[in-house]
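Chain and residue survey
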Amino acid sequence: MKYPEFAEHKIIQRICEPERQIIFRVPWQDDSGETHINRAFRVEFNSALGPYKGGMRFHPSVYLGIIKFLGFEQVFKNALTGLPIGGGKGGSDFDPKGRSDAEVMRFCQSLMTELYRHLGEYTDVPAGDIGVGQREIGYLFGQYKRVTNRYESGVLTGKGLNWGGSRARREATGYGTVFFVQEMLKARSDSLDGKTCIVSGSGNVAIYAMEKAMQLGAKVVACSDSGGIVVDKQGIDLDLIKQIKEVERRRISAYSEEKKDARYIEDGNIWHVPCEVALPCATENELTGNDAKKLVDQGCMAVAEGANMPTTPEGIRVFQDAGIAYGPGKAANAGGVATSALEMQQNASRDSWTFEYTEARLEEIMANIHLNCYETAREFGASGNYVVGANITGFLKVSKAMVAMGLI
Ligand code: NDP
Ligand code: 2IT
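Here the structure is a predicted model, which is why all the values come from computation and not from measurement.

Criteria and cut-off values
- Residues numbered from 1 in each chain as written.
- Chains lettered and ligands numbered in written order.
- Predicted model: local features only at pLDDT ≥ 70, side-chain atom pairs only at ≥ 80, totals over all residues.
- Heavy atoms only, no water.
- Helix = DSSP H or I, 4+ residues; strand = E, 2+ residues; numbered from the N terminus.
- Buried < 20%, exposed > 50% of the residue type's maximum accessible area, 1.4 Å probe, protein only.
- Lys, Arg positive; Asp, Glu negative; His and termini not counted.
- Salt bridge = Lys/Arg side-chain N within 4 Å of Asp/Glu carboxyl O.
- Polar contact = N/O pair within 3.5 Å; in protein donor to acceptor, adjacent residues only side chain to side chain.
- Contact = heavy atoms within 4.5 Å.
- Near = heavy atom within 4 Å.
- Areas by Shrake-Rupley, 256 points an atom, 1.4 Å probe, with all protein chains shown as cover.
- Nonpolar A, V, L, I, M, F, W, Y, C, P; charged D, E, K, R; others polar.

Looking now at the side chain of D30. Following the sequence through the fold, D30 ends up in the loop between β1 (20-29) and β2 (35-46). Although D30 lies buried, it forms no salt bridge, and the closest oppositely charged side chain, R99, sits 4.3 Å away as judged by the N-O distance. Within polar-contact distance, the side chain of D30 engages the side chain of S32 at 2.8 Å. If we skip the residues at most four places from it in the chain, D30 touches H36, R99, E103 and R106.

The following block contains the structure:
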């Protein structure tokens, strides 16, 4: 047995049980004066390496089980970054779609009026995830500041650039995922240049994954939202996607109204679009075993997960059996939380770094994560298996810290 102390200290039993789970109700009024009650969660999973750190998700599908799986992933992902952050996750079943700014503000204020007592820059530091971007972080930060009477910048990340946010945080998850692909391809003496690429989703992660893939010479031909997919053989027009999604908050179907050559397919399956590189950047379980077979059959050679656990276990098996490069989310999308930790560093030192410097740090962190996963997989007899590499690297780091800190 390689690490007998882990069994002796019951690390598996302890690491699988969140340190603390908070559930509370969030009452708020819509613009017509009607009252609504949502449920919110914060799962403070593991603080062996630093304060709990992880996003907040606002989506009607949210319940405790989703937040727990995301929190568990977050513990090991955060360990992989090499930065001093523990793992946590939160969210609510609130649906921001179709809500006015004023409604979103009242919801965020009500949520923070309860959550603030559990947070702190040394305690628990939330950020964004699905349905939570800079607008929501602004309302949450404003209410935290008001009820605590503290301008505690480091208590939330993903803030705006003129009030404590980090340059390159908005881009970080998507950029990081593409940096990870670049490393996987480099290990196979290949590159992204000239590759055809598809990206599911059209939110924060998807948009900046597309941007970096294009910058590195790939051609992105399809993306999606929960209503359907757009296929544009000329290459996706990213400025138009940003206008539709970031500015107007509309459905992706609007893309084909503007671009007559592009096709919108309602409820279409993006994984049926032929490609060499596939980047799932929408949500969990969006890529099944059959989807994986279709991708491999049509010549896909690399998959990196911008989303958290988008590929089902059957899908992962198909990729691994086919021997293609497959980067699991906890490694491939760690650039977002890593740059959140860089935002915390800037807040703690009351500093603000340039875009170029921050992006260079991100690129270096992603290359290190790739290297650690690659070498650990080889050491444990699973060369090229980034799932084994990521899981073992993250687990060892957290477990060793837990042993050192005794039975707490
Ligand atoms: P956004 O809310 O910005 O975008 C989410 C995108 O995914 C939208 O296009 C959305 O479509 C689509 N989507 C969401 N849920 C579903 C669903 N059930 N079925 C189909 N499509 C869906 O979120 P992010 O881009 O921030 O997050 C995307 C993924 O990346 C998530 O898995 C998240 O956990 C993960 N992630 C995010 C990080 C970050 O820094 N933001 C960091 C690391 C991982 P629609 O608008 O129609 O709902
Ligand atoms: O899943 C994730 O890593 C995130 N949503 C980002 C977390 C963070 O704290 O930046």
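Surveying the vicinity of ligand 1 reveals 25 residues, the closest of which are D129, T173, S226, R251 and N308. A distance of 2.8 Å separates an oxygen atom of ligand 1 from a polar side-chain atom of T173. Burial of ligand 1 by the protein amounts to 82% of the accessible area it has alone, namely 890 Å². Counting residues per element, the ones that place at least two in the shell around ligand 1 are α6 (169-186), α7 (204-215) and β7 (219-225). Across the shell around ligand 1, the residue classes tally to five nonpolar, 13 polar and seven charged.

Turning to the site of ligand 2, a few remarks are in order. Around ligand 2 lies a shell of 14 residues, among which K53, K77, K89, D129 and S340 are the nearest. Between ligand 2 and Q74 there is a distance of 3.0 Å, counted from an oxygen atom to a side-chain nitrogen or oxygen. One of the backbone nitrogen or oxygen atoms of G128 is found 3.1 Å away from a nitrogen atom of ligand 2. Protein chains bury 94% of the 290 Å² of accessible surface belonging to ligand 2 in isolation. Of all elements in the fold, only β3 (52-58), α3 (64-80) and α13 (334-348) reach the threshold of two or more residues within the shell around ligand 2. The class makeup of the residues in the shell around ligand 2 is two nonpolar, seven polar and five charged.

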